Structure formats: structure tokens, C-alpha cells
Amino acid sequence: MPTPHVYKSEALVLRHINFGEADRILTLVTPQHGKISAIAKGSRKVTSKLASAVDLVTRAQFVLATGRELDVVTQAVVQERFDHLRESLWHATAGYTVAEALDRALAEREPHPDIYVLALDTLRRLDADADAWLADPTPQNPAGPTSRGWAAMRFFDLVLLDLLGYRPAFHTCVSCENPLQAVEDNGFNAELGGAVCPSCSRYAQRRLPLLTLKVLRLVQTTEWHALPVMRLDQRTRDDVEGVLQSILSLNLERSLKSWNLLH
Ligand SMILES: [Zn+2]
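In what follows, the accompanying structure is described. In this text, all values refer to a predicted model and were calculated from it rather than measured experimentally.

## Quick word on the sheet that holds strand β1 (residues 6–19)
One closed barrel holds the five strands; their spatial order is β1-β2-β3-β5-β4, and the pairing between them is mixed. Here the strands of the sheet are splayed against their neighbours by 50° on average, with no regard to which way each runs. Bridge count for strand β3 (residues 34–40) against strand β5 (residues 71–80) is two bridges, and the pairing is parallel. Note that in β5 the partner of Ile39 across the bridge is Val72. Contacts between helix α2 (residues 89–105) and the sheet are confined to β1 and β2 (23–30), with β1 contributing the most and set at about 105° to the helix.

## Overview of unusual backbone geometry
Of note, Phe82 is a non-glycine position whose phi angle comes to about 55°, a positive value. Tracing the backbone shows Phe82 in the loop between β5 and α1 (83–86). Phi is positive for Glu177, which is not a glycine, with a value near 70°. Residue class for Glu177 comes out exposed when judged on the 10 C-beta atoms lying within 10 Å of it.

Calculation criteria
- Residues numbered from 1 in each chain as written.
- Predicted model: local features only at pLDDT ≥ 70, side-chain atom pairs only at ≥ 80, totals over all residues.
- Pairing = 2+ DSSP bridges.
- Helix = DSSP H or I, 4+ residues; strand = E, 2+ residues; numbered from the N terminus.
- Axes fitted to C-alpha atoms, helices over the stretch in contact; angles between N-to-C directions.
- Contact = placed C-beta atoms within 7 Å.
- Buried ≥ 20, exposed ≤ 12 C-beta atoms within 10 Å, placed from the backbone.

Right, here's the structure in full:
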């Protein structure tokens, strides 16, 4: 039997399932090794040193040993837990959605360090937003996001699509390739990968009202730190989410469960 190779890596816990009496099988994403599956033996025992490091959406430094089928977690030290995020249902669900999207988007052992960084940045933004929201919950919207948390999720959606090679077109019509006009009756087609002009409306799967188009363009073409605070009505937010969901679920194959649950 070959000697197991031991390696160290930081990782984010995307998923875990209980296994046997006290073990957990983890789906981890690492910057350099991509997505990996590993078993954390005994990690469901309260006395286990691994217990807190194997929680969902936790960043930890792992020591792993290669196994025949699954790698084995030998040590794990928590580095970041995003504790504020866990205290707000909306933010926690958003965090799980980020984990779920990565799990679906990434193949095993295919490193995608830029997607790893995007996920971490998004979790930090959600955590900061949850902290601000918990300190002063908006009375009109007690269970919802502040505009910053919502924007962080849409920014994640668009950058993820971009990094996966599915950047949606919001400036020219995907059918006739003419520049899109600032009108109310553009449309969107997820399979064609972007907006369609009124003359090509036969290809529209859904409407793309002007404000929705403007928000999508703004988030797609702006760096996070430069993105202004957007105070949008519920309908526009739903519309923006609907457009992004349609293209994400098509490209990540199944729709995102966590997000649908939240709605
Ligand atoms: Zn057209």
C-alpha cells in the first residue's frame, strides 16, 4: 500500500454529510487544489477538535492525507467563521447559496483561485452587512437584506458568470448584435446568453425593463468598492434576481435550492 501523501491547504467548507456514527464527509474548496472531498473522522463528537472547523461556510487551515477514495482530514484550525452572517436568516441563506453555487460550478480537483477569492470576498461582504443590519434592523423590511447585502449577491452572480465564461450581454442584442436602446421593451434570453432588442422580441423569454437593465449593467461594469448604494423597489430586485437566476441555473444545471427556499 502506498504511503499517504500529507498536504496542507486552507479551504472553505461547501457541504457536509453525516457518515457512520460520528464522521462527516466534507466538500471543500481550496485555492490551489480546487474542490475536494474529504472525511473528517469523529468530527460530530462534541469533544472533537475538528468539530468547529467542519461547519458550513467556515474557512479553516486543513491538513489532509490522501486516501484511496477520500482524503482524510488530520487537522483543521478555524480561520474565519462569518459569525454575523449566521445570525440573520437572509444572510445565512445567501452564504449557503454562495457555497452551493461553488459546489455546482466547480469540478473536483480543478483549481479556480479567482472563484475562491470571489466567494471569500462575498462572504465577508455579507458578514459585514449582517453585522450592520443586526445593529439596526430596517423596520420596513425586518427579514430582508440591506441594499448592500443584496448588491453583494448580485455582484457575486455576475462575476461568477464572468469567471465561468458565461458573461451575459447587456449592451448589444444577442440576436441581431445591434446596440441596445434605453427603452422599456427589451427582453432577455438565458439560452442565448443576454438581452434581445424589441425587433428580436420573438427570442425574449422574459421582459427586461429599463431599470432592471440599468442595474445589471451597473453591477456588471463596476468594481465592488465603487458600486453606489442602490435603493430599489422589490419588483426591480425580483426582476434582476430573476434574470440572473435564469442564466445561473441554466449554466449551473440545476436551480439553486437555497435561494428558492428563501423566496
Ligand atoms: Zn435584436
